[in-house]
Amino acid sequence: MTTTRVVVTGLGVMAPNGLGAENYWAATRNGKSGIGRITRFDPTGYPARLAGEVGGFAAEEHLPSRLIPQTDRMTRLALVAADWALADAGVRPSELAEFEMGVVTASSSGGFEFGQGELQNLWSKGSQYVSAYQSFAWFYAVNTGQISIRHAMRGPSGVLVSDQAGGLDALAQARRQIRKGSKLIVAGGVDASICPWGWVAQLASRRLSTSDDPDRAYLPFDAAACGHVPGEGGALLIVEDAQAARQRGVPTSYGEIAGYGCTFDPKPGSGRDSGLRQAIQLALHNAGLAPGEINVVFADAAALPALDRIKAAAITAIFGPYGVPVTAPKTMVGRLYSGGAALDLVTALLSIRDGLVPPTTNVSLAPDYGIDLVIEQPRVGVLSTALVVARGYGGFNSAMVVRAAE
Amino acid sequence: MSIREVTVEDLKRILRESGGANENVDLEGEMLDTDFDVLGYDSLVLLETAARITREYGVTLDDEAVTSARTPRRFLEFVNGG
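Every value quoted in this text rests on a predicted model; they were computed, and no experiment measured them. (Residues numbered from 1 in each chain as written. Chains lettered and ligands numbered in written order. Predicted model: local features only at pLDDT ≥ 70, side-chain atom pairs only at ≥ 80, totals over all residues.)

Draft legend 1. Molecular detail of the overall build of chain B. In terms of regular secondary structure, chain B is built from five helices and zero strands. For chain B, the succession of helices and strands along the chain, N to C, is α-α-α-α-α. Its C-alpha atoms give chain B principal-axis dimensions of about 35 × 20 × 20 Å. Per-residue burial for chain B yields a buried fraction of 27% across its 82 residues. Within chain B, contacts between residues at least 6 apart in sequence are counted, and of these 64% link residues at least 24 apart. (Helix = DSSP H or I, 4+ residues; strand = E, 2+ residues; numbered from the N terminus. Buried ≥ 20, exposed ≤ 12 C-beta atoms within 10 Å, placed from the backbone. Contact = placed C-beta atoms within 7 Å.)

Take a look at the structure:
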């Protein structure tokens, strides 16, 4: 394995509290939430009624009309986020070698809203009313497919399906591909399943908050923790071989993907510990960093006491009680599933760039967790490393370390 | 074969609904003999178009025949039983 340095050179964000990386970051620094009562459909009668919706996005303003009939909302968000990331990185794909560029995304639900519509057509009108585009608009790899087609990126590509951990897994796979010879990978995740069918599927996890108060519904590490609020959106990042980026004329990057680790939990009921702690240790080891060299941890934030305890325990075991600042600004946007960890990684890079850790809004830290949770105000100071942690439903644990650009 | 004939205007409308409109192409001009690739409509769009025609006109169309029609003229000839 070579020690090719892999850096992030462009960001494209679709968040419930901001369209575009700078809008998202400005809102997040100021504690501005994008969570509210669902408007996409009437949530009356459902046990959970709040979500982080991406507002103000009109696909027709950003994409050619040809792509509209054949794409689910999540693909439209992803295509535009990819466009923005490429523009941010100053990349014109047509000027680079096709087989040296690839796309790796994470997905947790595929095109649910599109699929729901076609199921409705099938059962209410008949099979002739099912769109030909259903053949691909629903599946998990479609964001990768559409992005790679749009930009003629014919290099190694793929999709990771590991719920909230997927974003980190996709970025890790991007780094792997670059170390194997690819020059540039568009990587990250965007999810959108705020539709009745998607909602019912999410409710089945029994992890959704049933509160109606946007400021009291999603409270990780708080004594009143009662589940999470789902959201839509995510982020796509341009990941490059550091050398290739320099040759392209990019003077600096947002930072380096320095380390990664992942584990899978043991079978429930086995009595064995979650693999989360080990995932973090693997990431630190992979980055060649000691716990004391990590400046901030972006937590996964399930906001259910049993799960919060596992997280806090893993963090304190490695960093010591109150040993490192911990934050979960996702209280402002919700859990974005495959988009969540990608957005956390963007947040980590911007925190390093600007020397500011955004707060975990609305939360009063419960005393028994022993973590130094950043609440109420952002915390200012020089940051050069960050750890992002993500856990996916079903047992996925992933951790990634990013480091400031040289 | 369909009872109502599918006109050029009908086809243009259904193509637009199925596959959007290529900004670089003028569907209003002479396009009957322009290759679908040039117009920006791939085989999936043609399948989607055929499905909509089936719904609106009641005629069932063979998938392979549909996707082998290279131009709007050929497509209409096939659909209208030419």
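Draft legend 2. Quick peek at the overall build of chain A. Each helix and strand in chain A was counted, giving 11 helices and 16 strands. The dimensions of chain A, computed from C-alpha atoms along their principal axes, are 60 × 55 × 40 Å. Across chain A, every contact between residues at least 6 apart in sequence was considered, and the portion connecting residues at least 24 apart equals 79%.

Draft legend 3. Spotlight on the environment of Ala65(B). Residue and element names in this part refer to chain B. Among the secondary structure elements, alanine 65 is positioned in helix H4 (residues 63–68). Overall, the presence of 13 C-beta atoms within 10 Å leaves alanine 65 in the partly exposed class. Sequence separation between alanine 65 and phenylalanine 78 is 13 residues, and the spatial gap between their C-alpha atoms is 8.0 Å.

Draft legend 4. Structural detail: the interface of chain B and chain A. Listed as interface residues are 13 residues of chain B and, on the opposing side, 11 residues of chain A. With six residues, helix H3 (residues 43–57) of chain B is the single largest residue contributor to the side of chain B that touches chain A. Of the residues contributing to the side of chain B that touches chain A, the split by class is four nonpolar, six polar and three charged. (Nonpolar A, V, L, I, M, F, W, Y, C, P; charged D, E, K, R; others polar.)

Draft legend 5. How the structure looks around the nonpolar core. All names here are of chain A. With 126 residues, the main nonpolar core has Ala81, Leu237, Leu345 and Met400 as its most contacted residues. With 10 residues, helix H2 (residues 73–88) is the single largest residue contributor to this core. Of the residues that make up this core, three or more belong to each of domain 1 (6–248) and domain 2 (258–403). What alanine 81 contacts, discounting residues up to four positions off in sequence, is Gly12, Val13, Met14, Val190, Ala235 and Leu236. (Core = buried A, V, L, I, M, F, W, Y, C linked by C-beta atoms within 7 Å. Domains from an automatic or database assignment.)

Draft legend 6. Region of the structure containing the pairing of strand S7 (residues 184–191) of chain A. All names here are of chain A. For S7, the buried fraction is high: eight of the eight residues fall into the buried class. Side-chain alternation along S7 places Leu184, Val186, Gly188 and Val190 on one buried face and Ile185, Ala187, Gly189 and Asp191 on a second face that is also buried. Two elements, strand S5 (residues 101–106) and S7, share six bridges in a ladder whose sense is parallel. Counted as the bridge partner of glycine 102 is isoleucine 185 from S7. Relative to strand S8 (residues 233–241), S7 runs antiparallel, the two being bridged by eight bridges. What sits directly across from valine 190, in S8, is glycine 234. (Pairing = 2+ DSSP bridges.)

Draft legend 7. Molecular detail of the domain arrangement of chain A. All names here are of chain A. For chain A, the domain assignment lists domain 1 (6–248) and domain 2 (258–403). At the interface, 57 residues of domain 1 touch 55 residues of domain 2. Contributing elements (two or more residues each) for the side of domain 1 that touches domain 2: strand S1 (6–15), helix H1 (21–29), strand S4 (50–52), helix H6 (166–179), S7 and S8. The element that contributes the greatest number of residues to the side of domain 1 that touches domain 2 is H6, accounting for seven residues. Residues belonging to the side of domain 1 that touches domain 2 are distributed by class as follows: 25 nonpolar, 21 polar and 11 charged.

Draft legend 8. Representation of the packing of helix H9 (residues 276–287) of chain A against helix H10 (residues 305–319) of chain A in the model. Residues and elements named next belong to chain A. For the pair H9 and H10, the least separation of the axes is 9 Å and the interaxial angle reads 40°. When the axes of H9 and H10 are compared, the pair comes out oblique. Between H9 and H10 the crossing geometry is right-handed. Residues Leu276, Arg277, Ile280 and Gln281 of H9 touch H10, and the partners they reach there are Ile310, Lys311, Ala314, Ala317 and Ile318. For the contact of H9 with H10, a count of residues per class yields six nonpolar, one polar and two charged. (Axes fitted to C-alpha atoms, helices over the stretch in contact; angles between N-to-C directions. Parallel < 35°, antiparallel > 145°, perpendicular 65-115°, else oblique. Left-handed = near helix turned anticlockwise from the far one by under 90°.)

Draft legend 9. Summary view of H3(B). Spanning 15 residues, H3(B) covers 20 Å between terminal C-alpha atoms, matching the ideal 21 Å at 1.5 Å per step. Buried-residue contacts for H3(B) involve helix H1 (8–19), helix H2 (36–39), H4 and helix H5 (72–79) of chain B. (Expected span 1.5 Å × (residues − 1).)

Draft legend 10. Spotlight on unusual backbone geometry. Residue and element names in this part refer to chain A. Within the chain, alanine 152 stands out as a residue other than glycine whose phi angle is a positive 50°. Looking at the secondary structure, you find alanine 152 in the loop between helix H5 (142–150) and strand S6 (158–160). A positive phi angle, close to 75°, is found at asparagine 362, a residue other than glycine. As for its position among the elements, asparagine 362 is in the loop between strand S12 (356–357) and strand S13 (372–373).

Draft legend 11. Highlighting the pairing of strand S9 (residues 255–264) of chain A. Residues and elements named next belong to chain A. Most of S9 is tucked away, with nine of its 10 residues classed as buried. Two strands pair when backbone bridges link them, and S9 and strand S16 (residues 396–403) are joined in this way by eight bridges, in the antiparallel orientation. The partner of glycine 261 across the bridge, within S16, is alanine 399.

Draft legend 12. The arrangement of H2(A) in detail. Its 16 residues place the ends of H2(A) 22 Å apart at the C-alpha level, agreeing with the 22 Å of an ideal helix rising 1.5 Å per residue. The element H2(A) is largely enclosed, with a buried count of 13 among its 16 residues.

Draft legend 13. Molecular detail of the environment of Arg246(A). Residue and element names in this part refer to chain A. Along the chain, the position of arginine 246 falls in helix H8 (residues 242–248). Judged by C-beta crowding, with 14 C-beta atoms within 10 Å, arginine 246 ranks as partly exposed. On a C-alpha basis, the gap between arginine 246 and serine 127 in space is 53 Å, while along the polypeptide they are 119 residues apart.

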